[in-house]
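# Topology and contacts: notes
Each chain, written out:
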Amino acid sequence: MSSKHQRIQLVPPTESSDPNPVRADADSPPAVIAGAYRTGVLGVRSLVRRGVRATSFDSDRNYPGFRSVYGHAHACPDPDTDPESWVDFMIELSAKMGGKPVLIPSADQFVSAIANHAGRLARHYTMSPGVSLQGLLATKQTQYELAARHGMPLPRTRFVTSAEEIAAFAVDAQFPCLLKPIHFREWQRFPAGHPLSYAKVAIAETPAQLVDSWHLASAINPNAIAQEIIQGPDTDKRVYLACYDSASRRIGNAMFRELRCNPMKFGPASVTEPVCDAETDQVCDGFLRSVGYSGICEIEMKRDTRDGRVKMIEVNPRLTGGGDAAPYAGVDLCWLHYLDLIGKNPTPVAPDGRDFRHIDLRADVGAIFAYRRARLISWGDVIRSYRAPRAFFDFDTHDWRYSVETIYRMARSAVRELVRSLLDRS
């Protein structure tokens, strides 16, 4: 394997045609990544590699940020249940870091918390001027309302609050349809074993199933999103990644095609590759410029085979797992965002055209078996998707605890899937 391929496998390139600074100055302000889940680890890693003093925080000590070599995360109160204590924690953390740290979110929970308390936090942190808009986009109801108002193509979507409203939606809907919570974390409150516990969406093949799903969800919150499913293969899905500066100027962008996702059809991508899609780029960029967006953003899109239109699945106004692919294409979104927030006026950066696969190892084990059961891929397809050049979302030889955990979870998933396969054959 060539040294070029080795570099792509493990470390995003820092030497390229990018005219922006490669490393932070000695007196550059520190940074705080809001969230210590895997996306938060990668945010810290991106900045630490650039010479920025960075850390993260979270209320869940089980997240990998608390074990990462790039910096031990700080434990914080849950902003959903104890917002005052969380704000106090944030003020104390700023004082510990010194100066006025740059604050960058990596989880919806903290996007919402930062937006809700932006007035108090602004005295202690340098934040994107788009925090209020990001807060609106972090909630499914206002996200879809904004998208519809600004002409973003959408599948048929309705905010429902009652059994009558969900039944009315089902009358004219084309099935299959899905039901989404307003906030993903709402359904995390269901006990283990509940049909909606930790589910991202509930799929309904018939009107009766959709109504039943709403009744299940209403035990936590009767407010939900009902939506027709965009028809077509997973390979028709696109992941648009971008960063917009404080003046809503696009300073970095990349686009990826989904090869597999977990869960199949509706989950986050487990394998992607760079793609040129001018139409999807124009639609996504047009929407974000229309709303005056500032900051890092990911938009998931898919072409509907019923009418040929590219339609929005969802918007993620923060650092994302899919966004980890962009640095390997020469577009380090977290670094560009940091440069903008500290007033460096970065020059816009476009993808460098290299070919590679970006792989989430933990998720892809389950995806491979699911796609195999559905007879959508062969083992040859799997092997080809892992050929170099490739980059890994959750494997980093420099962060051995993180990588060991990935290997352990992969092995456990593989054993579970193999047992399931054997039981299905018996």
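Structure: see above.
Treat the numbers as computed from the prediction; the structure is a model and nothing was measured.

### Considerations on the sheet that holds strand β6 (residues 177–181)
Reading across from one edge, β5-β8-β6-β7 is the order of the four strands in this open sheet, with antiparallel pairing throughout. The strands lining the two open edges of the sheet, one partner per strand, are β5 (157–160) and β7 (202–204). Pairwise comparison of adjacent strand axes, ignoring direction, gives a mean angle of 25° for this sheet. Relative to strand β8 (residues 224–228), β5 is paired through four bridges, and the arrangement is antiparallel. Directly across from Thr 157, in β8, lies its bridge partner Gln 227. Its contacts with the sheet place helix α8 (residues 163–172) against β5, β6 and β8, and it is angled at close to 165° to β5.

### Let's talk about the pattern of salt bridges
Two side chains carrying opposite charge are able to pair once their charged atoms lie near each other. All chains considered together, the criterion is met by 34 salt bridges. In this structure, the salt-bridge partner of Lys 237 is Glu 258, at a minimum N-O distance of 3.2 Å. Here Glu 258 lies in strand β10 (residues 250–261) and Lys 237 lies in strand β9 (residues 237–244), a separation of 21 residues in the sequence. The buried category is assigned to Glu 258, whose relative accessible area is 2%. The salt bridge involving Arg 384 is made with Asp 381; its shortest N-O contact spans 2.6 Å. Residue Arg 384 and its partner Asp 381 are both found in helix α13 (residues 379–385); the two are separated by three residues, about one turn of the helix. Salt bridges here are not isolated pairs; linked through shared partners, they connect Arg 38, Arg 67, Asp 360, Arg 362, Asp 394, Glu 405 and Arg 409.

What counts and what doesn't
- Residues numbered from 1 in each chain as written.
- Predicted model: local features only at pLDDT ≥ 70, side-chain atom pairs only at ≥ 80, totals over all residues.
- Heavy atoms only, no water.
- Pairing = 2+ DSSP bridges.
- Helix = DSSP H or I, 4+ residues; strand = E, 2+ residues; numbered from the N terminus.
- Axes fitted to C-alpha atoms, helices over the stretch in contact; angles between N-to-C directions.
- Contact = heavy atoms within 4.5 Å.
- Salt bridge = Lys/Arg side-chain N within 4 Å of Asp/Glu carboxyl O.
- Buried < 20%, exposed > 50% of the residue type's maximum accessible area, 1.4 Å probe, protein only.

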